[in-house]
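Results of the structural survey
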Amino acid sequence: MSRVKLNMQGFTQFRRDAGTRAAVEQAADQVAARANSMASTTIKAGKPVYSVATPINSAVGSIALVSTHDNTAARVDNAAHNTLLKAVGGA
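Throughout, residues of each chain are indexed from 1 in the direction in which the sequence is written. Residue-level local features of this predicted model are given only where pLDDT is at least 70; pairs of side-chain atoms are given and counted only at 80 or more, and the full residue set underlies all totals for whole chains, interfaces and linings. For the side-chain quantities, the full set of heavy atoms in the structure was used; hydrogens and water were omitted.

Secondary structure is summarised from DSSP: a helix means a run of H or I of at least four residues, a strand means a run of E of at least two, and numbering begins at the N terminus for each. When helices and strands are tallied, the chain shows 4 helices and 2 strands. In terms of overall dimensions, the chain has a C-alpha envelope of 55 × 30 × 20 Å along the principal axes. Burial status across the chain gives 26% buried among its 91 residues. Residue contacts are defined here by distance: any two heavy atoms, one from each residue, within 4.5 Å place the two residues in contact. Contacts in the chain between residues far apart in sequence, at least 24 positions, make up 57% of those at least 6 positions apart. Each residue gets one of three labels from its accessible area relative to the maximum for its type: buried under 20%, exposed over 50%, partly exposed in between, using a 1.4 Å probe on protein chains only.

Here it is in C-alpha cells:
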C-alpha cells in the first residue's frame, strides 16, 4: 500500500480558485432552488424564500451558505419541515 502526501498549501489554493468558487456558488444556488421549490405554501408568515450568500474563502477553501436570511416564513418552514436538510439530500 502506498502513501499519498498532499501539498496542503496547493490544495487549499485550488479550493480558493475562482473556478472552484463558481462551482461552490452554483451548488449553493441549486440547493436554494430545491429548498424554494419544496417550501410550504401554507405558512401564515408569508412566502418562504431561501437565499444564497456569496462564497467566501475559509481556512481550508471556499464556502457558500444557503439560509433563511431575514425571512420569517422560511425560518418557520425550515423549522417545521427541515427544508434545507431535505434540499441538500439529507432526509
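As a further point, take the environment of Ala80. Mapped onto the elements, Ala80 comes out in helix 3 (residues 72–81). Judged by relative accessible area, which is 53%, Ala80 ranks as exposed. Sequence separation between Ala80 and Gly61 is 19 residues; the distance between their C-alpha atoms is 32 Å.

Right, let's talk about helix 3 for a bit. Taken as a whole, helix 3 has its buried residues at Ala73, Ala74 and Asp77. Down the axis, helix 3 shows its buried residues gathered within 95° of arc, on one side only. The outward face of helix 3, more than 90 degrees from its buried face, is lined by the exposed residues Thr72 and Ala79. In this structure, the buried residues of helix 3 make contact with helix 4 (83–88). Phi for Asn82, located one or two positions after helix 3, is positive at around 50°. Throughout, the arc means that of the directions going from the helix axis to the C-beta atoms.

Exposure above 30% relative accessible area and the lack of any salt bridge qualify a residue for a patch; like charges then connect within 9 Å, and the nonpolar side chains Val, Leu, Ile, Met, Phe, Trp and Tyr within 5 Å. In this description, accessible areas are obtained by the Shrake-Rupley approach with a 1.4 Å probe, and a residue is regarded as covered only by the protein chains that are shown. Every case where a carboxyl oxygen of Asp or Glu lies within 4 Å of a side-chain nitrogen of Lys or Arg is listed as a salt bridge. A cluster of nonpolar residues, Val4, Leu6, Met8, Phe11 and Phe14, forms a patch on the protein surface that exposes about 530 Å² of accessible area. Along the chain, Met8 turns up in helix 1 (residues 8–15).

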